[in-house]
Amino acid sequence: MADPALPAVEYVGSGPPTYEPEPTALPPADPDDLDDLVADTVLDGAQYGVCTLRAASVRGDSARYRGEPRRDSLLTARFGTGDTALVLVAMATGARATPGAHRAAAEACHWIGRAVGRSHARLAEDIRAGRRGDLKSGLHRLTDRSLGKLRASAAELGVDPEEYAATLRCLLLPADPECRTRVFFGVGAGGLFRLRDGEWQDIEPRVTDVVGEPVVGFGSPPSETPEGDRLTMDLGIPKPPSPYEPAPEPPREPFRFRASVARPGDTLLMCTGGLAEPLRGEADLARHLTGRWSAPTAPGLAAFLADTQVRVKGYADDRTAAAVWEN
């Protein structure tokens, strides 16, 4: 349970946010496409092995005021049964200021959910056996395929791939109580934090931590050619496309991966940028959540939702968060 000495609050920081704390306007609805509607708030939870999961996705203050749909999508799913089961939490954020952002985010979660679900037995075995290299390469392939399907959907819709795109962040939790390995993977901005011994640790894999064979569209160009000629500085002048070669794809976000071993008493938090940014930028929010989430047992669903909704002036994006309490 949360510390009763630290009650839930509406906001932290220098003053109240600009927008109202509760939803104001609903997104517009198409009577012939009601499946396209997105709920303001999604809340879920579970307990497997030695960990307790809480997950929530909430429309941001700005979207609530403007009557825009939630761009964040959240998927929680269990594949398999008993100690061999694998729990997936996937969250995605659609591109800002694009009409299909919520659809792209939902599609990204569904594609990775299908991919993980079909491979869950092998993934769970690799996690229990500590095969980090196999996990990283396998999850990289599944992520690339899932986001590739998103790009294919953009082509079918006749829109720019950058407009029908999404960040994707996932967490794999084995149900086996003897296995405390927690696997994070994804593409794009957000946050991965661990609350240990009363202190927040930012454990988001850095781009510089991403190692392996070079891939197309990733990293900076070499400083010289294989023949030793120095390359000139890019002055930002566009080069006319060659009639003999297709235009190169824009650089893609690097794949991020982290497999860590949890300790009893840890709280692991994965979130989209809507919560990661204020958690990094407002010390009062970090202190408040430390007090609320340092107890040995997880808060109830309603309490967790209230905690994830604590507002900070200047941060009005959707918030999606999944937290895991280790027993």
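Bear in mind that the values here come from a model prediction, so they are computed numbers and not experimental data. (Residues numbered from 1 in each chain as written. Predicted model: local features only at pLDDT ≥ 70, side-chain atom pairs only at ≥ 80, totals over all residues. Heavy atoms only, no water.)

Comments concerning the overall build of the protein chain
No. 1: Each helix and strand counted, the protein chain has seven helices and 13 strands in total.
No. 2: Burial analysis of the protein chain (327 residues in total) assigns 46% to the buried set.
No. 3: Counting only carbon and sulfur atoms, one obtains 54% of the accessible surface of the protein chain, whose full area is about 17,300 Å². (Helix = DSSP H or I, 4+ residues; strand = E, 2+ residues; numbered from the N terminus. Buried < 20%, exposed > 50% of the residue type's maximum accessible area, 1.4 Å probe, protein only. Areas by Shrake-Rupley, 256 points an atom, 1.4 Å probe, with all protein chains shown as cover.)

Regarding empty space enclosed by the protein
No. 1: Overall, the coordinates contain one cavity of 30 Å³ or more when judged by the stated rule.
No. 2: Space inside the largest cavity adds up to approximately 60 Å³.
No. 3: What lines the largest cavity is simply Arg 182, Arg 194, Ser 260, Val 261, Ala 262, Asp 266, Leu 268 and Glu 326.
No. 4: Partitioned by chemical class, the residues of the lining of the largest cavity number three nonpolar, one polar and four charged. (1 Å grid on protein atoms, 1.4 Å probe; cavity = no way out; pocket = protein on both sides within 12 Å on 5 of 7 lines; lining within 4 Å. Points joined across faces, edges and corners; volume = space filled by probe spheres on them. Nonpolar A, V, L, I, M, F, W, Y, C, P; charged D, E, K, R; others polar.)

Overview of the pattern of salt bridges
No. 1: As enumerated under the stated definition, the model contains 17 salt bridges in all.
No. 2: One salt bridge connects Arg 122 with Asp 126, and the closest N-O pair in it is separated by 3.2 Å. Here Arg 122 pairs with Asp 126, and both are found in helix H3 (residues 120–129), just four residues apart, close to one helical turn.
No. 3: The exposure class assigned to Asp 126 is buried, which follows from its relative accessible area of 3%.
No. 4: Connected via shared salt-bridge partners are Arg 122, Glu 125, Asp 126 and Arg 131. (Salt bridge = Lys/Arg side-chain N within 4 Å of Asp/Glu carboxyl O.)

Comments concerning the packing of aromatic side chains
No. 1: Counted under the stated rule, the structure contains seven aromatic pairs.
No. 2: Centre to centre, the rings of Trp 293 and Trp 325 are 5.6 Å apart; their planes meet at 75°, and the pair counts as edge-to-face. Taken as a pair, Trp 293 in helix H6 (residues 283–293) and Trp 325 in strand S13 (residues 319–326) lie far apart in primary sequence, 32 residues in all.
No. 3: Residues Phe 304 and Trp 325 carry aromatic rings whose centres are separated by 6.1 Å and whose planes lie at 80° to one another, so their mutual orientation is edge-to-face. (Phe/Tyr/Trp six-rings, centres within 6.5 Å; stacked < 30°, edge-to-face > 60°.)

Observations regarding the nonpolar core
No. 1: Formed by 34 residues in total, the largest nonpolar core has its most connected members in Leu 88, Ile 112, Val 116, Leu 139, Leu 172 and Phe 185.
No. 2: Put simply, the parts of the chain that give this core at least two residues each are strand S4 (72–79), strand S5 (86–94), helix H2 (101–118), H3, helix H4 (132–157), strand S6 (166–174), strand S7 (181–187) and strand S10 (255–261).
No. 3: Leu 172 has contacts with Leu 86, Val 87, Leu 88, Val 116, Ile 127, Leu 139, Thr 181, Arg 182, Val 183 and Phe 185, leaving out every residue within four places of it along the chain.
No. 4: In this structure, Ala 56, Trp 200, Cys 271 and Val 312 belong to the second largest nonpolar core, which totals 23 residues. (Core = buried A, V, L, I, M, F, W, Y, C linked by side-chain atoms within 4.5 Å. Contact = heavy atoms within 4.5 Å.)

A short note on the side chain of Glu 107
No. 1: The topology assignment puts Glu 107 in helix H2.
No. 2: Residues in contact with Glu 107, not counting those within four places in the same chain, are Lys 149, Leu 150, Ser 153 and Tyr 164.

Looking at the side chain of Thr 143
No. 1: In this fold, Thr 143 is placed in helix H4.
No. 2: From its side chain, Thr 143 meets the backbone oxygen of Leu 139 in a polar contact 2.8 Å long. (Polar contact = N/O pair within 3.5 Å; in protein donor to acceptor, adjacent residues only side chain to side chain.)

Description of the packing of H6 against helix H7 (residues 301–308)
No. 1: The geometry of H6 relative to H7 is characterised by a closest axis approach of 11 Å and an angle of 170° between their N-to-C directions. Here H6 lies roughly antiparallel to H7, going by the angle between them. Across from His 288, Leu 289, Arg 292 and Trp 293 in H6, the residues of H7 making contact are Ala 303, Phe 304, Asp 307 and Thr 308.
No. 2: Looking at side-chain class alone, the contact of H6 with H7 contains four nonpolar, two polar and two charged residues. (Axes fitted to C-alpha atoms, helices over the stretch in contact; angles between N-to-C directions. Parallel < 35°, antiparallel > 145°, perpendicular 65-115°, else oblique.)

A short note on the sheet that holds S5
No. 1: The five strands lie next to each other as S4-S5-S6-S7-S10, forming an open sheet whose pairing is antiparallel. Both outer strands of the open sheet, S4 and S10, are each paired with one neighbouring strand and no more. Going across the sheet, the axis of each strand differs from the next one's by a mean of 10°, ignoring polarity.
No. 2: For S4 and S5, the ladder comprises eight bridges, and the chain directions are antiparallel. Each residue of the ladder has a partner; that of Phe 79, found in S5, is Leu 86.
No. 3: Contacting S4, S5, S6 and S7, H3 crosses the sheet at an angle of about 105° to S5. (Pairing = 2+ DSSP bridges.)

Focus: the sheet that holds strand S11 (residues 267–271)
No. 1: Overall, antiparallel pairing links the six strands, which are arranged S2-S3-S13-S11-S8-S9 in an open sheet. On the outer flanks of this sheet lie strand S2 (41–48) and strand S9 (199–202), each paired with one strand and no other. Taken pair by pair, the neighbouring strands of this sheet meet at an average axis angle of 15°, ignoring direction.
No. 2: Most of the contacts of H6 go to S9, to which it runs at about 115°, and overall it touches strand S8 (191–196), S9, S11 and S13.

Topic: a negative patch on the surface
No. 1: The grouping of Asp 30, Asp 32, Asp 33 and Asp 35 at the surface amounts to a negative patch.
No. 2: Considering the arrangement of structural elements, one finds Asp 30 in the loop between strand S1 (11–12) and S2. (Patch = residues over 30% accessible without salt bridge, like charges linked within 9 Å, V, L, I, M, F, W, Y side chains within 5 Å. Lys, Arg positive; Asp, Glu negative; His and termini not counted. Charge placed at Lys NZ, Arg CZ, Asp CG, Glu CD.)

As for H6
No. 1: The buried fraction of H6 amounts to eight of the 11 residues, a majority that puts the element mostly inside the structure.
No. 2: For H6, the set of buried residues is Leu 285, Ala 286, His 288, Leu 289, Thr 290, Gly 291, Arg 292 and Trp 293.
No. 3: A side-chain oxygen of the first residue of H6 lies 3.1 Å from the backbone nitrogen of Asp 284; this N-cap is Glu 282.

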